[in-house]
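If you want the building blocks of each chain, they are given just below.
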Amino acid sequence: MKLKVIKSPNENAALTNAVFCHPNLLKSSYIEVRTSEHPTHSFFFTLLEDSKIPSDSIAFSYHQRNWAELALNVEVDVFPFDISKYKNGNYYLKHINLEIDFFQKKQKSPAEPFDAKTMAAEFVQKFPNLLLSKGQLLLLVHKGIKLDCRVETLEVMDLEKLKNSMEDGSHSEVGEPSDLGVLMSQTAVDFVKAEGSAIKIKGTAAGICAVNLINPDWNFEQMGIGGLDKEFRTIFRRAFASRVFPPDLVAQLGIQHVRGILLYGPPGCGKTLMARQIGKMLNARPPKIVNGPDILNKYVGQSEENIRKLFSDAEKEAAEHGDYSALHIIIFDEIDAICRQRGMSLGSTSVSDNIVNQLLAKIDGYERLNNVLIIGMTNRADLIDSALLRPGRLEVQMEIGLPDEKGRLQILSIHTQSIRDNGLLSPDVSLEELAALSKNYSGAEIEGVIKAASSYAFYRHVDNKEFGKVDVESLKHMKLYRADFVSAFEDVTPSFGVQEADFKDCTQNGIVTWDSDIEHIIEEGRLYCNQVQNSSRTRLVSLLIDGLPGAGKTALAATIALNSGYPFIKLVSPEQYVGMSEASKCGAITKTFEDAYKSPLSLIVIDNIERLLDYVPIGPRFSNMVLQTLLVLIKKQPKQHRRLFVIGTTSQRGTMVDLGVLQEFDAHATVPCLSLPEHVASVVKEINLFEGSEISRLAQLLRAEQLNFRLGVKPLIMICEMVRQDPQMSAETFLMYFREEVIKLQYA
C-alpha cells in the first residue's frame with residue numbers, strides 16, 4: 001500500500017528505532033519500504049503500532065528519514081516483510097559492528113571513556129528483535145548522551161547454532177556476512193569510533209574492535225602496485241596492526257605504536273608509489289608529502305621551523321582527543337637529503353644536524369606523539385643518521401628490491417590491463433614469457449618497456465613519407481605484438497642487469513681449447529655457478545683464476561659468467577676507474593657489490609686485480625685502501641635469499657699471496673701456458689691458420705728449433721693473425737715471428 005511519510009509521534013518513539021503506523025493497517029512485525037528515488041532498492045524496518053497515527057500515514061524518525069532519503073508528506077510503497085523466508089531462516093545476528101559518534105558533533109567526550117561492554121548489553125536489551133540493515137542509521141542514548149549509530153557489518157547464523165555457540169562458550173561457529181538480520185540477546189555488538197569523532201570507547205563486547213583504519217575499497221591492483229604483496233603485509237603487521245585495536249587494549253599491553261617506516265632500495269622499484277598508496281589505504285588525515293630539499297631554507301632556524309610545522313596539526317588534535325586522535329601521516333621523499341649523519345657537515349651552520357635533532361625531538365622526544373606515522377624514502381639508507389633508525393623512530397626498515405618473476409607478472413598485468421580490456425594485445429603475447437624475459441627489471445623499467453612496445457605499434461601506422469599523417473583506417477586493426485615487446489627490451493635495458501656487451505668484448509676471439517685444462521676450468525666454473533644457485537650452505541663462493549699475461553684468464557671468467565644465466569652479471573675492470581682517486585675507486589667498487597646484493601642471484605668478475613690495486617714491483621707500491629675494500633667485499637656474505645659468485649683474475653699469483661688476496665678466495669684455478677710445440681700446433685689448427693700438412697710441418701720445425709718458451713694464448717693468436725696478413729704465409733714465416741716473440745719474452 002501507499003502511505004504518507006510523517007514524523008515520529010514523539011522522542012520516545014524515535015528512540016525505539018522502529019517505524020509506527022495505525023493498528024488496522026499492517027499486521028506484520030517487519031516491513032519493506034520502497035521509494036520513487038530508489039525504486040530498485042528496499043529499506044527494511046521494525047514496525048510498531050500507534051493508534052494516534054493517521055490511517056493513511058507511516059511515521060519515521062529523523063535518522064530513518066535521513067537513511068532512506070525520505071521527505072515529509074511524500075508517499076512511499078510499504079509491504080509486509082516475512083523475515084522467516086530470508087536466507088533460509090539464517091537471519092539471527094551473531095555479530096554486528098556499529099560506527100558511533102555524538103549526535104551533537106560539538107559534544108565534548110566525558111573524561112571517562114564509554115565502556116563498550118556496558119553499551120553492548122544496553123543495546124541488545126533496549127532493542128530486542130530489532131531488524132537491522134547494513135548502513136542503517138540508529139539513535140542511541142547512553143548515560144544521557146545521544147549517539148548516532150550506523151550499522152557497518154552484520155553476521156548471521158541459524159538460531160540453534162547461535163544458542164549452542166553461546167552456551168558452550170566455544171564461539172567456534174563462524175557467522176555468515178549478511179545485509180539484514182534480527183538482533184538477539186546473544187548477539188555480540190562491537191563499536192567503531194567514527195572518523196574524526198571525539199568519542200572515547202573502552203573495551204569491546206566480543207573481544208575485538210575493528211577500528212575503521214583501513215579503507216575497505218583498497219586493493220593492490222586498483223592502486224597500480226604489483227610485486228609488493230609481502231612488503232605490504234610486513235608493513236601492516238609492524239606499523240598498522242596495533243592501530244586497529246582500541247587504545248585502551250594497546251595501553252594494557254604497555255606498547256607504543258610504530259611511528260616511523262623507512263623504505264629503501266634501487267630507483268624505480270616502487271618506494272614513492274608504496275608510500276603514496278599507504279596514504280590512500282588508510283582512513284587517516286590526508287598525508288603531508290615533503291621532498292627532502294623543500295625543508296631547507298637559507299634563513300637561520302627556518303629549516304627547523306619547517307619541521308615543527310609538519311607536526312603542528314597532529315599536536316593540536318592529540319591535545320584535544322588524546323589516544324583517540326586520527327592518524328597523521330608525514331611522507332619524506334629523499335630523506336637522505338636532510339637527515340645525513342650528524343657531525344659530517346663541513347659548513348659552520350650545521351643545518352643538517354639541527355634538522356635531524358629537531359626531527360628526533362618530534363618523533364621520540366619528551367612530548368612524543370602517538371598519532372603520527374613518518375614514512376621516509378631513500379636510495380641511500382647508508383647515509384641516514386643512525387639515531388633515526390633506532391626503535392621508536394624509523395624502526396621499520398623495509399627494503400623495496402627488484403621484483404621476482406611473480407611480481408613482474410603482476411606489474412605487467414597491471415600496466416597492460418587497459419590494453420587487454422580494449423582488445424589491443426595480440427594473442428601471441430604471453431605475459432608469463434615477458435615476466436621471464438624481464439629479469440632484474442624494476443617496476444619503472446617494466447612500465448618503460450610497455451611504453452616502448454606501444455611506440456613500435458604507433459610507428460607502424462605513421463606514414464613514412466609524412467610523419468605527421470596517420471592512417472585512421474589502419475588504426476582499427478592496431479595491436480601490440482610479441483615482436484614489439486622483443487624490440488622494446490632492446491631499447492629499455494635494466495640498470496641492474498647483465499653487462500653483456502662488456503663480457504662479449506672480453507670473449508671476442510672465443511675460447512681456444514688447446515688443452516684439456518681449459519675445458520676443466522670452464523666445467524669447474526659451471527659447477528661453482530650451480531653450487532651458488534642451489535646450495536643452502538654456500539650463498540657466497542669466490543674463485544681466483546691466475547696465469548701468465550695473455551693466458552686467457554679474462555676470457556675464461558667472462559665465458560663462465562655468460563654461461564651462468566645469472567640475472568645480474570657485472571665486470572669490475574681497471575679501465576673503468578682510470579683517473580679516479582682511491583676513495584672514488586673504493587666507492588665505485590662498493591656500489592657494484594651493493595647493487596649485486598639487491599639481486600637474488602649475482603656474479604661479479606674482478607678483472608686484473610693487481611691493476612685495480614695500482615701495484616708496481618718497483619717500490620713496491622699499491623693502494624692499501626682499495627686492497628682492504630676488496631678483501632672485505634670478497635668475504636662479505638649477502639643477505640638471506642641473496643646469492644653471489646665472485647670471480648677474480650690476476651697475473652701476479654705470488655703478489656696476491658703476499659697481499660693476502662689469494663687466501664680470501666674459496667677456490668683457485670691456474671690457466672696453463674703454451675710450452676710445447678704440440679700446444680702451438682693445436683692453437684694454429686683451431687683458429688684455421690694452416691691446412692693439416694702445413695701444421696705437421698710447423699710442429700716439426702718447432703721441435704727442431706728446440707726453443708724454450710712459456711707463452712700465453714693471446715700473444716700466439718696475435719702472431720697467427722700477423723702471419724695471416726703476410727702474402728707468403730707459411731710455416732717458416734710463422735716460425736720467424738714466433739722466434740722473435742720468444743726472444744722478446746726472454747729479455748722481458
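The structure this text deals with has already been given above.
Quantities reported herein were computed from a predicted structural model and do not represent experimental measurements. (Residues numbered from 1 in each chain as written. Predicted model: local features only at pLDDT ≥ 70, side-chain atom pairs only at ≥ 80, totals over all residues. Heavy atoms only, no water.)

(A) Spotlight on the pairing of strand β23 (residues 601–606). Extensive coverage of β23 is indicated by the burial of six of its six residues. Along β23, one buried face is formed by L601, L603 and V605 and the opposite face, lined by S602, I604 and I606, is buried too. Pairing of strand β22 (residues 568–572) with β23 involves five bridges; the strand directions are parallel. By the bridge assignment, K570 is partnered in β23 with I604. Since β22 and β23 lie parallel, the crossover through helix α19 (residues 582–597) that links them has a hand, and here it is right-handed. (Buried < 20%, exposed > 50% of the residue type's maximum accessible area, 1.4 Å probe, protein only. Helix = DSSP H or I, 4+ residues; strand = E, 2+ residues; numbered from the N terminus. Pairing = 2+ DSSP bridges. Right-handed = clockwise from strand over helix to strand, strands pointing away.)

(B) Spatial organisation of the packing of α19 against helix α21 (residues 624–635). Two elements in contact, α19 and α21, have axes whose closest approach is 9 Å; the angle formed by their N-to-C orientations is 10°. Between α19 and α21, the angle is such that the two are roughly parallel. In this structure, α19 meets α21 at a crossing whose hand is right-handed. Along the contact surface, α19 presents E582, A583, K585, C586, I589, T590, F593 and Y597, while α21 presents N624, M625, V626, T629, L630 and L633. When its residues are assigned to classes, the contact of α19 with α21 shows nine nonpolar, three polar and two charged. (Axes fitted to C-alpha atoms, helices over the stretch in contact; angles between N-to-C directions. Parallel < 35°, antiparallel > 145°, perpendicular 65-115°, else oblique. Left-handed = near helix turned anticlockwise from the far one by under 90°. Contact = heavy atoms within 4.5 Å. Nonpolar A, V, L, I, M, F, W, Y, C, P; charged D, E, K, R; others polar.)

(C) Structural context of unusual backbone geometry. Even without being a glycine, N129 presents a positive backbone phi close to 60°. Here N608, not a glycine, exhibits a phi torsion of approximately 55°, which is positive. Inspection of the secondary structure assignment puts N608 in the loop between β23 and α20 (609–612). Looking at N608, the relative accessible area reads 23%, which means it is partly exposed.

(D) Spatial organisation of the pattern of salt bridges. One pass over the full model with this rule turns up 30 salt bridges. When the shortest N-O distance is used, the salt bridge between D666 and K635 registers 3.6 Å. Note that D666 is positioned in the loop between α22 (653–659) and β25 (667–670) and K635 in helix α21, a separation of 31 residues in sequence. Taking the relative accessible area as the measure of exposure, K635 reaches 39% and is therefore partly exposed. Salt bridges linked by common partners bring E99, R150 and E152 together as one network. (Salt bridge = Lys/Arg side-chain N within 4 Å of Asp/Glu carboxyl O.)

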